[in-house]
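# Descriptive structure summary
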Amino acid sequence: MMLITQDLLIDITKDYINRLLRQNNDIVACYLTGSVLGDQAFIGGSTDIDLVVVHKEDPPAPREIRRVKSNISLDIVHHHQSLYTFHRRMRQDSWLGYALRNHDGIIYDTDHWLEYIQAGVDAQFDSPENTHARALKFADDARRYWFALDDDDETPFSDWLDLFFKSVDNACNAVAALSGPGLTQRRFLLDFPARAEAVNQMPLVGDLARLIGNDKISVDFYNQWRPVWETRLVECSQSPHCPPNLHKARKAYFLDCCDALAQSDNLFAVLWPMTVTWRQIAQCSRVGLDEDDTTETEATTDWLSFASQIGFEPAQKNIKIRELGHFIEKIQNILEDYQREFGLL
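One structure accompanies this document, and this report is about it. All values reported here derive from a predicted model rather than from experimental measurement. (Residues numbered from 1 in each chain as written. Predicted model: local features only at pLDDT ≥ 70, side-chain atom pairs only at ≥ 80, totals over all residues. Heavy atoms only, no water.)

Another point: the packing of aromatic side chains. All told, the structure shown has 20 aromatic pairs when counted by the stated rule. Measuring from centroid to centroid gives 5.4 Å for Y84 and W113, while their planes differ by 75°, and the two rings are edge-to-face. With Y84 in the loop between β4 (72–80) and α2 (96–101) and W113 in helix α3 (residues 113–122), the pair connects residues that are 29 residues apart, well separated along the chain. Here the two residues Y84 and W113 agree in accessibility, since each one is buried. Between W225 and F306, the ring centres sit 5.5 Å apart and the planes meet at 80°, which makes this aromatic pair edge-to-face. Pair noted here: W225 is in helix α8 (residues 219–237) and F306 is in helix α11 (residues 298–309), with a separation of 81 residues, a long-range link. Each member of the aromatic cluster is reached from another via a ring pair, and the members are F157, W160, F164, F165, F188, F221, W225, W272, W278, W303, F306 and F312. For R250, the ring lying beneath its charged end belongs to Y253, and the centroid distance is 4.3 Å. (Phe/Tyr/Trp six-rings, centres within 6.5 Å; stacked < 30°, edge-to-face > 60°. Helix = DSSP H or I, 4+ residues; strand = E, 2+ residues; numbered from the N terminus. Buried < 20%, exposed > 50% of the residue type's maximum accessible area, 1.4 Å probe, protein only. Lys NZ or Arg CZ within 6 Å of the ring centre and 35° of its normal.)

This is the structure:
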């Protein structure tokens, strides 16, 4: 069996770019992002290669997935060059900012254009002002989603859950942004403890576990839901409305990852990729239905049953809103302490 290494993943990317350049003459630059540039690309033998392609003209699609092998895919984001016109603003972007700082990620660059962009982003990137600004964006979004949770009682519970987990996602990333890039789907719960520790807030790890129902996860629970989840993932991947994140080439990216986590000491980490994908599956299953049709699809019913077993019921909405509000308030206090420490108030 061929050993898949970081160098091989980069060579695969270069081969793809060379083919792309022969077909397309409007490409300005290509660069790698994400785990392929580090030493933690694989979980359960699966990974993806995150690639950004910058075009002079409008790109054909914002994002596409290409299969490399059953356990490896290319996750390609296409940008128009104009996105980088005010590139210094990316110092306050936890996603693109960190990606652009990594000079090892450049695969293709015309006339050193990307090197120029990188230099502008890298300057003062780690200043307290820019660090706080990156965290504050997440915190503001967390509060915005939280406010929406109490908007009315007519919101379908599956939509309410989506808002809840989006708020949690942004709240955790507000903490993460104080010491590094944003948290990724598969490593979200693996990496959050280190980010909380970096700002001396380890109690947040327990708060998060209770907030999202991770205290209810067990091997039996995972074994019960794993086949149902796989069935719905496959169904969604076959839909014309399937989001890129759930493309059929990414099946192993999620399943093999969670299997490996469940079989190790990291069972707790399976919940985040499962909830992210379940929410997208439920949304995909409703595309094309009449807005007034309140009938739950089978995929949505399964998602709500899964959510119920980790403590999410319509009758518990107000309790969950209060708990999330307290969690966000703690994070707001962390950001205010950061401002005081660096004289930003």
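Our next topic: the pairing of β4. Of all 9 residues in β4, 7 are buried, a share of seventy percent or more. Examined bridge by bridge, strand β2 (residues 47–55) and β4 share 9 bridges and lie parallel to one another. Pairing of L51 across the sheet is with I76, part of β4. Adjacent in sequence and paired antiparallel, strand β3 (residues 63–69) and β4 are bridged by 2 residues. (Pairing = 2+ DSSP bridges.)

Those residues of α3 that fall on the buried side of the exposure criterion are W113, L114, I117, Q118, G120 and V121. Projected down its long axis, α3 shows its buried positions confined to an angular sector of 165°, all on one face. Where α3 is buried, its residues contact β1 (27–33), β2, α2 and β5 (106–109). Positioned one or two residues after α3, Q124 has a phi angle of 65°, which is positive. (Arc of directions from axis to C-beta. Contact = heavy atoms within 4.5 Å.)

This next bit is on the sheet that holds β4. Paired through backbone hydrogen bonds, the strands of a sheet run either parallel or antiparallel to each other. Strand order in the open sheet formed by 5 strands is β3-β4-β2-β1-β5, with mixed pairing between adjacent strands. Strands at the two margins of the open sheet, each flanked by one partner only, are β3 and β5. The average undirected angle you get between the axes of adjacent strands in this sheet is 20°. Two elements, β1 and β2, share 6 bridges in a ladder whose sense is antiparallel. Bridge pairing in β2 places I27 opposite H55. The sheet strands contacting helix α1 (residues 6–23) are β1, β2, β3, β4 and β5, and the helix crosses β2 at an angle near 35°. Strands β1, β2 and β5 of the sheet are contacted by α3, whose axis makes an angle of about 120° with β5. (Axes fitted to C-alpha atoms, helices over the stretch in contact; angles between N-to-C directions.)

Our next topic: the pattern of salt bridges. Oppositely charged side chains can pair when the atoms bearing their charge come close. Within the structure shown, the criterion is met by 21 salt bridges. Among the salt bridges present, the one from D75 reaches R250, with a minimum N-O distance of 3.4 Å. A residue pair is termed long-range when its members are at least 10 positions apart, and D75 in strand β4 and R250 in the loop between α8 and α9 (251–262) qualify at 175 residues. For the pair formed by D75 and R250, the shared burial category is buried. In this structure, D126 engages R101 in a salt bridge whose closest nitrogen and oxygen atoms are separated by 3.1 Å. Residue D126 is found in the loop between α3 and α4 (128–149), and its partner R101 is found in helix α2; the two are separated by 25 residues along the sequence. What you see here is one network of salt bridges that share partners, running through D48, R63, D75 and R250. (Salt bridge = Lys/Arg side-chain N within 4 Å of Asp/Glu carboxyl O.)

Turning our eyes to something else, we now look at the environment of C284. Relative to the helices and strands, C284 is located in helix α10 (residues 271–286). As a C-alpha pair, C284 and D7 span 277 residues in sequence and 36 Å in three-dimensional space. Beyond its immediate sequence surroundings of up to four residues, C284 is in contact with C236, S239, H241, C242 and P243.

Counting buried residues in β2 gives 9 out of 9 residues, a clear majority hidden from the surface. Taking every second residue as pointing to the same face, both faces of β2 are buried, with T47, I49, L51, V53 and H55 on one and D48, D50, V52 and V54 on the other.

The next point concerns helix α5 (residues 157–176). For an α-helix, the turn length of 3.6 residues means that residues three or four places apart are oriented alike. Over its 20 residues, α5 runs 28 Å from end to end, which matches the ideal 28 Å to within 8%, given 1.5 Å per residue. Extensive coverage of α5 is indicated by the burial of 17 of its 20 residues. (Expected span 1.5 Å × (residues − 1).)

Once that is clear, we can look at the packing of α8 against α10. At a minimum axis separation of 10 Å, α8 and α10 run at an interaxial angle of 40°. On the basis of their axis angle, the class for α8 and α10 is oblique. The element α8 and its partner α10 pack so that their crossing is left-handed. Only P273, M274, T277, W278, I281 and C284 of α10 make contact with α8, whose side of the interface consists of Y222, W225, V228, W229, R232, L233 and C236. (Parallel < 35°, antiparallel > 145°, perpendicular 65-115°, else oblique. Left-handed = near helix turned anticlockwise from the far one by under 90°.)

Honestly, that's just the spatial picture; any functional story needs more than this.
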